[in-house]
Amino acid sequence: MIETAKRKKWSKGKSKEKSNNLILIDNENYDRILREIFKNKILTPSNLTERFHISCSLSKKILNDLVKQRLIVEIKKSNKQSIYIKNNY
C-alpha cells in the first residue's frame, strides 16, 4: 500500500475584527464627546475612534472643529497622525 503524504495545513493568518463605527453622530453623542474629550492629556483621531466608536474621518473633523473654536491646540501633524492638547489660554 502507498501511504498518502500528510499535507501541511496553512493557517488563515491573523484577521482583525471589523469594527462597527458610527459615521454620523447626533447632538447628544457630540455633547458627550465634548464633555469627555478633555479628560485625556493627549488627543489623537485614533484615541477618539477607539473610545467613542466613531470613524476616523469623523474624529478628524471633530478635532478640526475644536481647533477652529480654539479649545484645543495642534502640537504635531504628519500625513498619517495628528496630536492635540487642551488649550490652556
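The structure this text deals with has already been given above.
Residues numbered from 1 in each chain as written. Predicted model: local features only at pLDDT ≥ 70, side-chain atom pairs only at ≥ 80, totals over all residues. Heavy atoms only, no water.

Quick look at the overall build of the chain now. A count of helical and extended segments in the chain gives three helices and two strands. Its helices and strands in sequence order give the chain the pattern α-α-α-β-β, from N to C terminus. For a compact globule of 89 residues, the expected C-alpha radius of gyration is about 12 Å, and the chain comes in at 21 Å, more than 25% above that figure. Dimensions of the chain, computed from the C-alpha atoms along their principal axes, are close to 85 × 30 × 20 Å. When the 89 residues of the chain are sorted by exposure, 21% land in the buried category. For the chain, the proportion of contacts with a sequence separation of at least 24, taken over those separated by at least 6, is 44%. Measuring between centres, the 21 positive side-chain charges of the chain sit 9 Å from its 9 negative side-chain charges. (Helix = DSSP H or I, 4+ residues; strand = E, 2+ residues; numbered from the N terminus. Rg over C-alpha atoms; globule rule 2.2 N^0.38 Å. Buried < 20%, exposed > 50% of the residue type's maximum accessible area, 1.4 Å probe, protein only. Contact = heavy atoms within 4.5 Å. Lys, Arg positive; Asp, Glu negative; His and termini not counted. Charge placed at Lys NZ, Arg CZ, Asp CG, Glu CD.)

What follows is about helix α2 (residues 45-52). Inspection of α2 places Pro-45, Leu-48, Thr-49 and Phe-52 among the buried residues, and these make up the whole buried set. The buried residues of α2 occupy an angular sector of 100° when the element is viewed end-on, so they sit on one face. Looking at the buried positions of α2, the neighbouring elements they touch are α1 (27-36), α3 (56-68) and β2 (82-86). Looking one or two places after α2, you find His-53, whose phi comes out positive at around 55°. (Arc of directions from axis to C-beta.)

This part covers the packing of α2 against α3. For the pair α2 and α3, the least separation of the axes is 8 Å and the interaxial angle reads 120°. Between α2 and α3, the interaxial angle falls into the category oblique. Along this stretch, α2 crosses α3, giving a crossing that reads as right-handed. For the pair α2 and α3, contact is made by Pro-45, Leu-48 and Thr-49 and by Cys-56, Ser-59, Lys-60 and Leu-63, respectively. Taken together, the residues of the contact of α2 with α3 break down into four nonpolar, two polar and one charged. (Axes fitted to C-alpha atoms, helices over the stretch in contact; angles between N-to-C directions. Parallel < 35°, antiparallel > 145°, perpendicular 65-115°, else oblique. Left-handed = near helix turned anticlockwise from the far one by under 90°. Nonpolar A, V, L, I, M, F, W, Y, C, P; charged D, E, K, R; others polar.)

Okay, the environment of Arg-35 next. Mapped onto the elements, Arg-35 comes out in helix α1. Between the alpha carbons of Arg-35 and Thr-49 there is a distance of 16 Å; along the sequence they are 14 residues apart.

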